[in-house]
Amino acid sequence: MTGSAAPDDRQPFWFLALLALAVGGGAVAYVPLLTVLLPLKITGLIGAQDVPALARVTFFGAIIASIANIAFGMVSDRTRTRVPWIVTGLIISSALLVAIGRAQSVEMLIVLVMAWQIGLNMMLAPLLAWAGDCVPDSQKGLLGGLFAIAPALGGMAGSLVTFEMLVATEYRLPTNVVLVALLVLPVVIFGRGKEREELMRPVAAKALSTDQKAASRSAVSKMWIARFLVQISEAGLFAFLLFWLRSIVPDFHENTAANIFSAVLIVSVPLTLLLGRWSDRVQRPLAPLVASAAFAGVGLSAMAGAADLPLAIVGYVLFGISASVFLSLHSSQTLRVLPLPQHRGRDLGIFNLTNTVPSIVMPWLTLTLVPGFGFSALFVLFACFAGLAAILLATVSRRA
């Protein structure tokens, strides 16, 4: 854990905002592709066999993303520089994103998506580690609040590039590339030299006392497991929200589901900002995480027992807002608990597994529970996961 900064050592708000926009650029890079453009591309290539093909593409892409994020985090640690890797990753991933639109077969598409994941994580892994090099503990709550704009930007970009009256079909991916560059490059251009030496100074593991090592290992493990548990629930609702709503109201319109999802993301942004700033001010960085995980469990419990649409929507909105707050603030507070600055990129790559592995685990849980027991059983399990996450974080030592 890094020390708190005096007011004069804090970063200016504009720099934190540019960092958050760059992280939002990462979301813009992958959300439109993975949620809309890639499925459409596969359907255009092979038609009715699109679901198995999409599963293959996303499965192999998730594996490569997991490996690449750790690898480029380690490389940026070793070189002790982040920005060149961010820029190189931006260039490579942008070129490959355009190439994906020109793929002529599913096999070529799989190769291009895997290569694109390498370029994307060459950009993302050093970017998050750079935030840890620059932002003191006293501002990590505010930074986490600003991170809440990332999923909202990703969703808005998906709507923008698929708006046919504004963007022609053949220009969707090039437009996406331009949006990513506009969001990522400002912090690269104007944020040079913002690193804090005290946040980057190597810490020898042997310099930590036995109690410090134990507290650090415990905090890191609990933070990892808690995020993993909440991410499984979030991934499940992201993939199956419409199916669940139609199990209650068979003719529930997909546009209404999309509007609810967007509203949740929009409402989450100011709430996360308020909670993040509050946690900085009262020096209780994990309190919002505990509360949001607990409220996510309440929302999931309501969803499990929902027999009519109003209760179902209320339960989902409570869960969705709580999960969004949790994941955004968790991203910044993770920077606080990592014990060794010289391995920050590598360790963040290991934390990134909590984002990729749930996408692999969640379908198996769904296929196991839903056919025999319905969505209620799945949501009860997810509620237990969220409750366990809250308990784990509530027991993290104040010394961590």
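Residues numbered from 1 in each chain as written. Predicted model: local features only at pLDDT ≥ 70, side-chain atom pairs only at ≥ 80, totals over all residues. Heavy atoms only, no water.

## Examining the pattern of salt bridges
Here the idea is simple: oppositely charged side chains can pair when their charged atoms come close.
Turning to step 1, where the next piece is worked out: The full count for this structure, using the stated rule, is six salt bridges.
Turning to step 2, where the next piece is worked out: A salt bridge links D77 to R82; the shortest N-O distance between them is 2.9 Å.
Turning to step 3, where the next piece is worked out: Residue D77 is classed as buried on the basis of its relative accessible area, which comes to 11%.
Turning to step 4, where the next piece is worked out: Residue class for R82 comes out buried when judged on its relative accessible area of 7%.
Turning to step 5, where the next piece is worked out: Residue D137 pairs with K140 through a salt bridge whose shortest N-O separation is 2.8 Å. For the pair D137 and K140, a shared accessibility class is recorded, and that class is buried.
Turning to step 6, where the next piece is worked out: A single salt-bridge network, built from bridges that share partners, covers D77, R82, D133 and R344. (Salt bridge = Lys/Arg side-chain N within 4 Å of Asp/Glu carboxyl O. Buried < 20%, exposed > 50% of the residue type's maximum accessible area, 1.4 Å probe, protein only.)

## Looking at the nonpolar core
Turning to step 1, where the next piece is worked out: Counting 107 residues, the largest nonpolar core has L19, W130, L237, W244, L300, Y316 and F379 as the members making the most contacts within it.
Turning to step 2, where the next piece is worked out: Excluding its chain neighbours within four sequence positions, the residues that come into contact with W244 are M303, A312, Y316, F375 and F379. (Core = buried A, V, L, I, M, F, W, Y, C linked by side-chain atoms within 4.5 Å. Contact = heavy atoms within 4.5 Å.)

## Some remarks on unusual backbone geometry
Turning to step 1, where the next piece is worked out: Of note, R80 is a non-glycine position whose phi angle comes to about 55 degrees, a positive value.
Turning to step 2, where the next piece is worked out: Note on placement: R80 falls in the loop between α2 (50-79) and α3 (83-100). (Helix = DSSP H or I, 4+ residues; strand = E, 2+ residues; numbered from the N terminus.)

## A word on the packing of aromatic side chains
Turning to step 1, where the next piece is worked out: Summed over all chains, the structure comprises nine aromatic pairs.
Turning to step 2, where the next piece is worked out: Ring centres of W14 and F15 lie 6.1 Å apart, and the angle between their planes is 80 degrees; this geometry places the pair in the edge-to-face category.
Turning to step 3, where the next piece is worked out: Through pairs of rings, three or more aromatic residues link up here, namely W244, F375, F379, F382 and F385. (Phe/Tyr/Trp six-rings, centres within 6.5 Å; stacked < 30°, edge-to-face > 60°.)

## Overview of the environment of L96
Turning to step 1, where the next piece is worked out: As for its position among the elements, L96 is in helix α3.
Turning to step 2, where the next piece is worked out: The spatial distance from the C-alpha of L96 to the C-alpha of L173 is 10.0 Å, given a sequence separation of 77 residues.
Turning to step 3, where the next piece is worked out: When neighbours within four sequence positions are excluded, L96 is seen to be in contact with L112, A115 and W116.

## What about helix α12 (residues 309-337)?
Turning to step 1, where the next piece is worked out: For α12, which comprises 29 residues, the first-to-last C-alpha distance of 41 Å matches the rise-based estimate of 42 Å (1.5 Å per residue) to within 8%.
Turning to step 2, where the next piece is worked out: Remark: the principal bend of α12, roughly 35 degrees, maps to S331.
Turning to step 3, where the next piece is worked out: α12 sits mainly inside the fold: 21 of its 29 residues count as buried.
Turning to step 4, where the next piece is worked out: Where α12 begins, the side chain of D308 points an oxygen toward the backbone nitrogen of L311, at a separation of 3.3 Å. (Expected span 1.5 Å × (residues − 1). Bend = angle between axes of the 7 residues up to and from the residue. Polar contact = N/O pair within 3.5 Å; in protein donor to acceptor, adjacent residues only side chain to side chain.)

## Describing the confidence of the model for the chain
Turning to step 1, where the next piece is worked out: On average, residues of the chain score 88 in pLDDT, and 94% of them are at 70 or above.
Turning to step 2, where the next piece is worked out: Under a pLDDT of 50 for its full length, residues 1-7 has, in the predicted model, 17 contacts with residues more than four places off or in other chains. (pLDDT = per-residue confidence, 0-100.)

## Comments concerning the packing of α3 against helix α4 (residues 106-134)
Turning to step 1, where the next piece is worked out: Relative to each other, α3 and α4 sit at 155 degrees, their axes nearing to 8 Å. Taken as axis vectors, α3 and α4 run roughly antiparallel relative to one another. Between α3 and α4 the crossing geometry is left-handed. Between α3 and α4, the residues in contact are V83, W85, I86, T88, G89, L90, I92, S93, L96, L97, A99 and I100 and L109, L112, V113, A115, W116, G119, L120, M122, M123, P126, L127 and W130, respectively.
Turning to step 2, where the next piece is worked out: A breakdown of the residues in the contact of α3 with α4 according to their chemical character gives 20 nonpolar, four polar and no charged. (Axes fitted to C-alpha atoms, helices over the stretch in contact; angles between N-to-C directions. Parallel < 35°, antiparallel > 145°, perpendicular 65-115°, else oblique. Left-handed = near helix turned anticlockwise from the far one by under 90°. Nonpolar A, V, L, I, M, F, W, Y, C, P; charged D, E, K, R; others polar.)

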